[in-house]
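# Notes for the structure review
Next come the chains, spelled out residue by residue.
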Amino acid sequence: MDDLIERAARDLAGAKNVAALTGAGISVESNIPPFRGKGGLWEKVDPMEYAHIEAFRRDPGKVWEVLIKGMKDVIDQARPNAAHLGLARLEKLKRLQTIITQNVDGLHQMAGSSDVIEFHGSFAWQCCTRCERRVPTRKLDLDRIPPLCRCGGVLRPECVFFGEMIAPEHLARSQRIASQCEIMLVIGTSATVSPASYIPLISKESGAKVIEINPEPTALTGSVSDYLIAGKAGETTSQIVAQLERLI
Ligand code: OAD
């Protein structure tokens, strides 16, 4: 493991164009549970019944009650951990340009990263399904479920539900960045949900090095990724950054 931390620090020291793809695992140490695996959200809640856009259209109150209200409580309490802060530090050291995140929790921005593509949208805003007025999530009145816009329309988080498209500008920019970077850092994602799961593949096929940080092997390990640093995001990222600062 120490060898791989040293290797990642050296790889980053020699690179000018670095991108990162992050997933739920990077926020686990901020007390936001992941979706899959032990303790994952999809163990408790069936995604097709609660996270699909058709389920929301059929019964928004049920989806708000079972899924979205709980997400709000968890995200409200969450603060960036050592991994979010480490990536923000990498940006300052000019060893990371853009983060493509599948997370909707806003923790990268809170940590100080300035170029974050929110591939699956953001929980920070709600949008009226009737008049499209936007409301900051922190200003929501949850006395009534589902919460309504002043026009009477139901509010929904600006997150991508299953069955919805990725915003075309996010998809196009992410693909471009993936094809141009020298290193793609892949942190805390099972890489099982497309099209996000193709991002590291695009990098690999374009000649970039793909470095994974994850306590478990993933769909990318041993094929797409050059190496896996098998550890938690917070501890591993801060060790890499500390080593990098010694090198540069
Ligand atoms: P997953 O829940 O599928 O995977 C989480 C990954 O994080 C797993 O590979 C874990 O091994 C890893 N992990 C757990 N703890 C970790 C830690 N402390 N440090 C680093 N890694 C850790 O989450 P995603 O891959 O992000 O989409 O899921 C992708 C998408 O599936 C989500 O964006 C969401 C979900 O359905 C939508 O809702 C549209």
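Whatever comes next refers back to the structure up there.
Residues numbered from 1 in each chain as written. Predicted model: local features only at pLDDT ≥ 70, side-chain atom pairs only at ≥ 80, totals over all residues. Heavy atoms only, no water.

## So, the site of the ligand
Let me state the cut-off plainly: We call a residue near a molecule or strand when any one of its heavy atoms sits within 4 Å of it. In protein, a polar contact requires one atom able to donate a hydrogen and another able to accept it; more generally it is a pair of N or O atoms within 3.5 Å, and residues adjacent in sequence count only if both atoms are side-chain atoms. Method for areas: the Shrake-Rupley scheme with a 1.4 Å probe, in which residue coverage is limited to the protein chains shown. Nonpolar residues are Ala, Val, Leu, Ile, Met, Phe, Trp, Tyr, Cys and Pro. Charged residues are Asp, Glu, Lys and Arg, and all others, Gly as well, are polar. Domains are outlined according to an automatic or database domain assignment.
Residues in contact with the ligand amount to 23 residues; listed here are only the nearest, Phe35, Arg36, Thr189, Ser190 and Asn214. Within the backbone of Ala24, an N or O atom sits 2.8 Å from an oxygen atom of the ligand. The separation between an oxygen atom of the ligand and a polar side-chain atom of Trp42 is 3.3 Å. Taken by itself the ligand offers 800 Å² of open surface, and the protein chains cover 90% of this. Tallied by class, residues from the shell around the ligand come to 11 nonpolar, 8 polar and 4 charged. Residue contributions to the shell around the ligand reach at least three from each of two domains, namely domain 1 (1-32 + 80-120 + 167-248) and domain 2 (33-77 + 123-159).

## Some remarks on empty space enclosed by the protein
Under the convention used in this document: Put simply, the grid is 1 Å and covers the protein atoms alone, a cavity is a trapped set of points that fit a 1.4 Å probe, a pocket is an open set with protein on both sides within 12 Å along at least five of seven lines, and lining residues have an atom within 4 Å of a point. Grid points are joined across faces, edges and corners, and a volume is the space filled by probe spheres set on the points. Runs of E in the DSSP output that reach at least two residues are strands. Runs of H or I that reach at least four are helices, and both are numbered from the N terminus.
This model, assessed by the stated rule, comprises 1 cavity of 30 Å³ or more. Those elements giving two or more residues to the lining of the largest cavity turn out to be helix 6 (82-92), strand 7 (183-187) and helix 10 (233-247). For the lining of the largest cavity, the residue count by class is 7 nonpolar, 1 polar and no charged.

## Regarding the packing of helix 1 (residues 2-13) against helix 10
A pair of packed helices is characterised by two quantities: the angle between their axes and the separation of those axes. What counts, and what does not: Only the stretch in contact is used when a helix axis is fitted, and all axes are lines through C-alpha atoms; the angle between N-to-C directions ranges over 0 to 180 degrees. Note on angle classes: values under 35 degrees are labelled roughly parallel, values over 145 roughly antiparallel, values of 65 to 115 roughly perpendicular, and the remainder oblique. Note on convention: near helix rotated counterclockwise from far helix by under a right angle means a left-handed crossing. Clockwise means right-handed. Contacts were defined at the residue level, with two residues in contact if any of their heavy atoms lie within 4.5 Å.
Across the interface, helix 1 lies against helix 10 with an axial gap of 8 Å and an inter-helix angle of 55 degrees. Taken together, the axes of helix 1 and helix 10 are oblique relative to one another. In this structure, the crossing between helix 1 and helix 10 has a hand that is right-handed. Across from Ile5, Glu6, Ala8, Ala9, Arg10, Leu12 and Ala13 in helix 1, the residues of helix 10 making contact are Thr236, Gln239, Ile240, Gln243, Leu244 and Leu247. The residue inventory of the contact of helix 1 with helix 10, partitioned by class, reads 8 nonpolar, 3 polar and 2 charged.

## As for the sheet that holds strand 7
Strand pairs in the sheet, formed through backbone hydrogen bonds, run parallel or antiparallel to each other. Our working definition: Pairing between two strands requires that DSSP report at least two bridges joining them.
Taken in spatial order, the 6 strands of this open sheet run 3-2-1-7-8-9, and their pairing is parallel. Looking at strand neighbours, the two that pair on one side only are strand 3 (116-118) and strand 9 (227-229), the edges of this open sheet. The sheet shows a mean angle of 20 degrees between the axes of neighbouring strands, direction not considered. Both strand 8 (residues 209-213) and strand 9 contribute to a ladder of 3 bridges, which runs parallel. Across the sheet, the residue bridging to Ile213 is Ile229, located in strand 9. Where helix 1 meets the sheet, its contacts fall on strand 1 (18-22), strand 7, strand 8 and strand 9, and the angle it forms with strand 9 comes to roughly 115 degrees.

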